[in-house]
Each structure stands twice: as C-alpha cells, then as structure tokens.
Amino acid sequence: MPEQKTLIVSNRLPIKIQRRKGKLKFTTSEGGLATGLGSFYKEQGSWWVGWAGIVPKNADEEHEIRQELAKHNLIPVFLDQAEIEGFYEGFSNGILWPLCHYRPSYMVLKKEYWLSYCAVNEKFAKTALEQLSPGMRVWVHDYQLMLLPALLREQLPDASIGYFHHIPFPAMELFKMLPWREELLTGLLGADLVGFHTFENVDNFLDSCFGILNLPKSINQLKVKGRSVLVDVFPMGIDYNKYHTQATLPPTTQYADNLRKLYRDQKIILSVDRLDYSKGILQRLQAFEILLNDHPEWRQKIVLHMLIVPSRDQVGQYKKLRNEIDRTVGNINAVYGRPGWQPIAYYYNSLPFPELAGLYVAADICLITSLYDGMNLVSKEYLASKNNTTGVLVISEFAGASRELSDALVINPYAIHQTSETLLRAIKMPKKEQQERLQASQAILSKFTVHHWVNLFMQRLGEIKSQQRHELARKVNQKISHAVKERYDLSLNRLILLDYDGTLVGFNTDADKATPTDDVYEVLDLMAEDTKNTLSIVSGRKYNNLEDWFGQKNYYAIAEHGIWSNFPTHTWQLAPGLQTNWKAQVKEILQRYVDRTPSAYIEEKTHSLAWHYRKVERAYGLRQAQELLQELLQLTQEKDLQLINGDRVIEIKSKQINKGKAALALVNEIKPDFILCIGDDATDEDMFQSLPRHAITIKVGDKQSHAKYYVENYKEVIDLLSVLAN
Ligand code: GDG
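Residues numbered from 1 in each chain as written. Predicted model: local features only at pLDDT ≥ 70, side-chain atom pairs only at ≥ 80, totals over all residues. Heavy atoms only, no water.

Caption draft 1: Quick look at the overall build of the chain. Assigned secondary structure in the chain consists of 25 helices and 28 strands. In terms of principal-axis extent, the alpha carbons of the chain reach across some 105 × 65 × 45 Å. A separation of at least 24 residues holds for 70% of the contacts in the chain among residues at least 6 apart in sequence. Counting every atom, the chain has about 31800 Å² of accessible surface; 50% of that belongs to carbon and sulfur. Once the 85 positive and 86 negative side-chain charges of the chain are each reduced to a mean point, those two points are 6 Å apart. (Helix = DSSP H or I, 4+ residues; strand = E, 2+ residues; numbered from the N terminus. Contact = heavy atoms within 4.5 Å. Areas by Shrake-Rupley, 256 points an atom, 1.4 Å probe, with all protein chains shown as cover. Lys, Arg positive; Asp, Glu negative; His and termini not counted. Charge placed at Lys NZ, Arg CZ, Asp CG, Glu CD.)

Caption draft 2: Spatial organisation of the sheet that holds strand β28 (residues 709-711). The mixed open sheet is built from 8 strands, whose spatial order is β21-β20-β19-β18-β17-β26-β27-β28. Of all strands in the sheet, those bounded by a partner on one side alone are β21 (573-574) and β28. Pairing of strand β27 (residues 696-700) with β28 involves 3 bridges; the strand directions are parallel. The residue of β28 that forms the bridge with Ile 698 is Tyr 709. Contacts between helix α19 (residues 518-529) and the sheet are confined to β17 (494-498) and β18 (533-538), with β18 contributing the most and set at about 145° to the helix. (Pairing = 2+ DSSP bridges. Axes fitted to C-alpha atoms, helices over the stretch in contact; angles between N-to-C directions.)

Caption draft 3: View of the site of the ligand. Taken together, the neighbourhood of the ligand is formed by 21 residues, with His 166, Leu 351, Asp 373, Leu 377 and Glu 381 sitting nearest. Contacts to the ligand include Leu 351, whose backbone N or O atom sits 2.6 Å from a nitrogen atom. One nitrogen or oxygen atom from the main chain of Gly 374 is found 3.0 Å from an oxygen atom belonging to the ligand. Secondary-structure elements contributing two or more residues to the shell around the ligand are β11 (267-274), β12 (302-309), α13 (353-362) and α14 (377-384). Grouping the amino acids of the shell around the ligand by side-chain chemistry returns 12 nonpolar, 5 polar and 4 charged. (Near = heavy atom within 4 Å. Polar contact = N/O pair within 3.5 Å; in protein donor to acceptor, adjacent residues only side chain to side chain. Nonpolar A, V, L, I, M, F, W, Y, C, P; charged D, E, K, R; others polar.)

Caption draft 4: Structural view of the sheet that holds strand β22 (residues 601-604). Taking strand neighbours across the sheet as the criterion, the 4 strands line up as β22-β23-β25-β24 in an open arrangement whose pairing is antiparallel. Whereas interior strands pair on both sides, the edge strands pair on one side only; in this sheet they are β22 and β24 (641-646). Taken pair by pair, the neighbouring strands of this sheet meet at an average axis angle of 15°, ignoring direction. Strand direction decides the pairing type here: β24 and strand β25 (residues 649-654), joined by 6 bridges, are antiparallel. Among the inter-strand pairings, Ile 644 is bridged to a residue of β25, identified as Glu 651. Where helix α21 (residues 583-596) meets the sheet, its contacts fall on β22, β23 (608-612), β24 and β25, and the angle it forms with β23 comes to roughly 5°.

Caption draft 5: Examining the packing of α19 against helix α25 (residues 714-725) more closely. Closest axis-to-axis distance for the α19/α25 pair is 9 Å, and the angle between their directions is 30°. When the interaxial angle is binned, α19 and α25 end up roughly parallel. For the crossing formed where α19 meets α25, the hand is left-handed. Only Ile 718, Leu 721, Ser 722, Leu 724 and Ala 725 of α25 make contact with α19, whose side of the interface consists of Asp 519, Val 520, Val 523, Leu 524, Leu 526 and Met 527. (Parallel < 35°, antiparallel > 145°, perpendicular 65-115°, else oblique. Left-handed = near helix turned anticlockwise from the far one by under 90°.)

Caption draft 6: Summary view of the state of the cysteines. Tallied over the full model, the rule gives 0 disulfides. Cysteine Cys 118 is unpaired, with the sulfur of Cys 100 as its nearest cysteine sulfur at 16 Å. Cys 100 supplies the cysteine sulfur nearest to Cys 209, a cysteine that is in no disulfide, at a spacing of 13 Å. Overall, the relative accessible area of 0% leaves Cys 209 in the buried class. (Disulfide = S-S within 2.5 Å. Buried < 20%, exposed > 50% of the residue type's maximum accessible area, 1.4 Å probe, protein only.)

Caption draft 7: Expanded view of the pattern of salt bridges. Under the counting rule described, the total for this entry stands at 40 salt bridges. Salt-bridge contacts for Arg 66 lead to Glu 62; the nearest nitrogen and oxygen are separated by 3.0 Å. Of this pair, Arg 66 and Glu 62 are both found in helix α2 (residues 59-70), 4 residues apart, which corresponds to roughly one turn of the helix. A relative accessible area of 37% means that Arg 66 is categorised as partly exposed. For Glu 62, a relative accessible area of 27% translates into the label partly exposed. Residues Arg 181 and Glu 182 are paired through a salt bridge, measuring 3.6 Å at the closest nitrogen-oxygen approach. Residue Arg 181 is classed as partly exposed on the basis of its relative accessible area of 26%. Residues joined in a network through salt bridges with shared partners are Arg 153, Asp 192, Arg 227 and Lys 465. (Salt bridge = Lys/Arg side-chain N within 4 Å of Asp/Glu carboxyl O.)

All we've got here are geometric facts, nothing functional implied.
Below, the structure is given as structure tokens:
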C-alpha cells in the first residue's frame, strides 16, 4: 500500500478503447507513463482520471465504459466532438504544441479554442474533485491541463498538487506571444511542484514567471500569494528492465533475426517517431541523402529503416508534412535504389511492443533528429534493448535525452552535413568503442528509471509541502498576534522599531512619492500617545526626508541606517568619527553605471551613497546591479565600507554604523521589557540579529531572514500595529 493515495490526472487514460464488431475492446497502454505510474494507481484508493479517447454512442455505452474502467481504478472524462476540436486539436495541438516546439508561425490563435480549453480544464477539475479525499495527492500531467492545478487549488487550498510538463517549455520571448499567457502561468502555479525534463525548461519557465507575472526569480522556487512553489528538473526514465528483458524473449529475438536476414550485410539505421514536424524527419532524410551521395562506397551496405506512427494526419500541417516525407523518400529511393536494394524502408504504421523491441535489438544505429523534444523515450528504449551487444545512438542536442546521454553521438539536426558525417562515424565505429559507450549509457538508464522518476517527484512534492508548513508556522496569524498583544499589554516599558520603505508604505518607483499615508500617521500617533512606548523609525533614508515627515511627532527617527538620529532630544545628531573621503571614488563608479543604465540614479546622502534602479526595466536593472556589485567589491573591502544589496538599490556606507548598532544603542538607553522590531530589507537583518533574544522580530515578506516571524506585506504591519495600539 502506498503511504499516501495519489490521484493522477492526464489528458488520456492509459487504456485504448476500440469498437470491434459492435463490442467494446479495452487494451491497456504500455506507454512509459502508464508503466511508471502503475504501481501507484493500481493500489487500492488511488485513481487515474483522463479522457477515454472515445465518444460513447449512448448512455448505455457510457455506463459500460465507466464500469469496465473502474475495475482498473480509472475514471473517464468524456469529451464531445466540439471539445475534441476546440480543446484538444485546436488549443492543445494547434497552439500550445507548436509554441512549445518553437513553431509559433504554425499557431492558429482562435478565441473559441481558448474558451474550449478553459471549459474542458473545468470539466477535468470537476471529475478530479469528486475523487479527492483529504490528504490525497494530485499529480497533473502535461500541457493539455495547464489550468487544472489552480482550479484544484481554489477548492482545496491545502492539497498537495504536482504538475509535470512533458514537452519543452519555450523561451520567455516566445511564451509571451500567447494572448492567454498570464492565465496559463497562473494555472500552473496552483501546483506546489512544477516539473520539467531539463534545467533549460525550468529556467524558461522561471523567466516567464518573472517577466510576465512579475514574480521574483530564484534558483528553483517562487512565492505565490505567500505559498512556496518548487520548480525542478526531473528527466523521465524508462522501465529499463522491461526493455532489457524483452530483448531476450523469443517473439522479439525472432523478429530481430528475420530483420537481420532481410538486410543481410547491411548496417541498419533505425528511426521511430510519431508523424510530427518537431521530429526533424525531413532533415534526417536530407542528411541520409548526403551520405549516399558523398559516400557511394556505402550504397547497398546501409539501410534507413524508418517507422513513422500515424498521428494528427487530418490536421493541415501534418498532412503537408506527410506528403513531403512521401515525396522525399520516393525520390531518394528512386535515385539511389538498385534492384534488390532500397536505401529507405519506410513504414507508416505502429507495431506491437515485441516487434518494436525487435527493431531495437536488430538496429546497428538509432538516429534521433528532433528539432525540439521534451525528452525522447525511443532513444532510451533503444539503448536499454542492447544486451551485451553493440549499437550506436545518434541523437539531436535538442532532445532532452541528449543531456543525460553524454556517451551518445550528439548532432545539431539543422546542420545536415554534420549529421551525415556523424552518421558515417557511427557506421564505422569500432565494436569496442560501441560497447564502452553503451555500457556507460546503460549505467545511467538502469539507475534513472521511470520508477526512480516517480519516486523522486513524489519525494520533492513531500519536501515542498513540509517547507510550506514550516514557513506557515512563522507567519503572523491570529494566534500569534494575540500572543504578541498579550505580552504587549503586560509590559511597562516598550521599544518599537520600525523600518519605513516596504514596511510602513508600499514600493513606489518614484522614491519621493512614497510618503506616509493617513493610516500610517494614525497608527503611529496612537502608539506614541502611550507613555509606556518609545517608538522610532529606523530607515536608510536621508535625515531631512524623515525630518519632513516625522520631525514634528513625539516619536523618533534614525536615518541613513544609523548615521543620523534624533533620539532623545528631537534634534538631529551625527554618529561620531565617520569618514567621507571615500565618496568621490565610489561616486565615480556609480556615475558610470548611471550613464550606462537608462533611469538609474544616484542618491547622495551625507555619509552614504545609493545607486537606485527602481525605475529601470527589471531584468536589465538586476543584471547591471550584479555587475556593479562585482566592481565595488574590492574597493569597499579596501576602504572598510559596507556594500548593501537592497531592494532595487545598492548602497555604500561606513561599516562602523548599521541599523543593528543603532537599535542596540536605544535598547541600552531605554532598557525595555518589550521590543518589537519590523523590517523588510537586507539592512533590517542587522537589527534582527543584534537585538536581545526576547525581542519580537518580524520580516515583511517571507524571504530568508533572522526574524522570528513574517507578515506578507506592509498592510499587515499596519493591521498588527492597530491591534496592539487599540
Ligand atoms: C512526449 C514528449 C517525452 C512509438 N512507436 C511505437 C511505439 N512507440 C512508443 C515508444 C515511446 C513512445 O511511443 C514515444 O515517446 P517519445 O518520448 O519518443 O515521444 P512523445 O510521444 O511525443 O512524448 C516527449 C514524452 O512525452 C515523455 O515525457 O519524451 O519528448 O513529446 O515509448 O516506444 N510503441 C509501440 N509501437 C510503435 O509502433 N508499441
């Protein structure tokens, strides 16, 4: 029994239903996903939801299908003809597929396809929700169901939801073209874990979330309304033993022997793929033709055995491709063929599994020319089918599998002369080298199997859920705010330290416009009225800024991270012994970056300098900031200066002073029995770290922090202060 039940949701169920002589015939699928997930969904209590792939004739037939599928823990979603055309062929295969495979010009952007996609995702959500019980995990598969994670999240805020994208995720510039880009990204981010085959896909997805949804970038996590979402790489494997064993069984060995007899004295080059423009079939044929043309000595000694599985051949682009393949194959065979020998043996059908395995066993070379491919399982199946024998894999660098299989011969399928040369190298490769390369690849494939993939995905889903629980325990909720209020009420001498920007007011691209709101004044005035309270703003801003806003108040202000303070006399005083002779040299560097970066500017304070990029295009600003930080590193070390990497600002000031030291000075003076300190910035960490242990420290925004608690945003700070003051 699995520890936790899992609901799998994918577009297709792992079963094929056909009508034969008026009766329904059910055949289970042998696909990689079905095998990998088999151990989950067949366990009692786990289920698989998906389209049955058939439109029932009437209610009786629908009932029969449901009954039969239920025996295998499968739950069908039924689609009518309009949904098949809109959701499946229109949006999934006519928009998302070409876009994710870098063929945006093939997209047919019709609003009705989008509406159908939304409606069918809702339909899947409804069926899935009927099956879900508390504590169950959900694993959603692939691009047909990108909206589903968020639809499930709406109804089940605490559920464990994983999503895996089996095809490539394109670069942000491309994904941006979609009129429904925000909706699709938001849909995916309903999941706790979003998985891809390669790290490039992960990067592309994170770039899109940053560029389109404005979500800050990190290596592999995003924050969605306070919930951490993990985005990670899971290269899908195969059932290695199944292929390795099948290669020794009679139907397969027999098929392989027959094939070898048929192609006596010829090297067999094999290709297996669905009819699709992403597979580089025409490029493959061109490369093969160049080989025949440039190396006549190999004619009659090689054969390209090309199995193409029929797919989507009623769709325009696919029909066109098929005609082109037919024409090219015919042409090559006509030009280079001889009586008794055809260079290309082309089959447009699909084979039963034992025969497909026979092809793998017999082939000397497997040639994969994908122009883009999420993973490509055929390449892995071919290698796994080789039992102490020989065989060479030639694989496109644009297939996800090429990232793991570093012992294969890797090609760029667009460089057809290079492909042709590499093919020749594979044909001539000595047996010993073939064996060495095979063994190295098999060692990887036998470890990173599909079962390993499933376990790893589930393990990471568990990890992100426990991280979320941990984070939630730090979040200021009603219980925590009551406990703080209780301590507040019992204390007699309180110190309240509040950062300003990002803590009491929101971020404004124009720093001068981030003035205190009425709410801020109201709650601070109320707090300061209480004679038990000493309240101070602790900010990085210039003192004249703070003087303008808070100079007339009966609370205090500390400016420029502690360089200036008006405590306790309400007159501004400078911290003693600070040097400013470093400023000219640093300013010169900052000025260069201002001249190179539109909208960046320098803010000069009496004892510090700030380079602001709050108005600069976000990604570009971050890049310039990284470079500037790098350049300032050595100089600031030599001059004993502090380099602060803040929120869209880089600040340089003397090391002798920081917010932590300033806060501690107040603590020593006042000797409070209650300390509350709230801040959002890197510089506030100095306060969190230097205050006594009993201090209640709160970070605004759930970033890595030394603070004990966190709140989501400045509005929650005002709420908390109001609770305390009232
Ligand atoms: C998507 C992504 C990613 C093929 N012909 C026959 C047959 N097959 C089986 C193969 C293999 C499967 O079909 C094809 O898998 P691929 O991975 O190559 O490609 P897609 O179907 O496009 O899959 C892809 C995959 O999802 C997994 O995440 O790798 O990049 O596009 O298993 O063996 N099976 C039988 N007869 C055939 O004639 N029995």
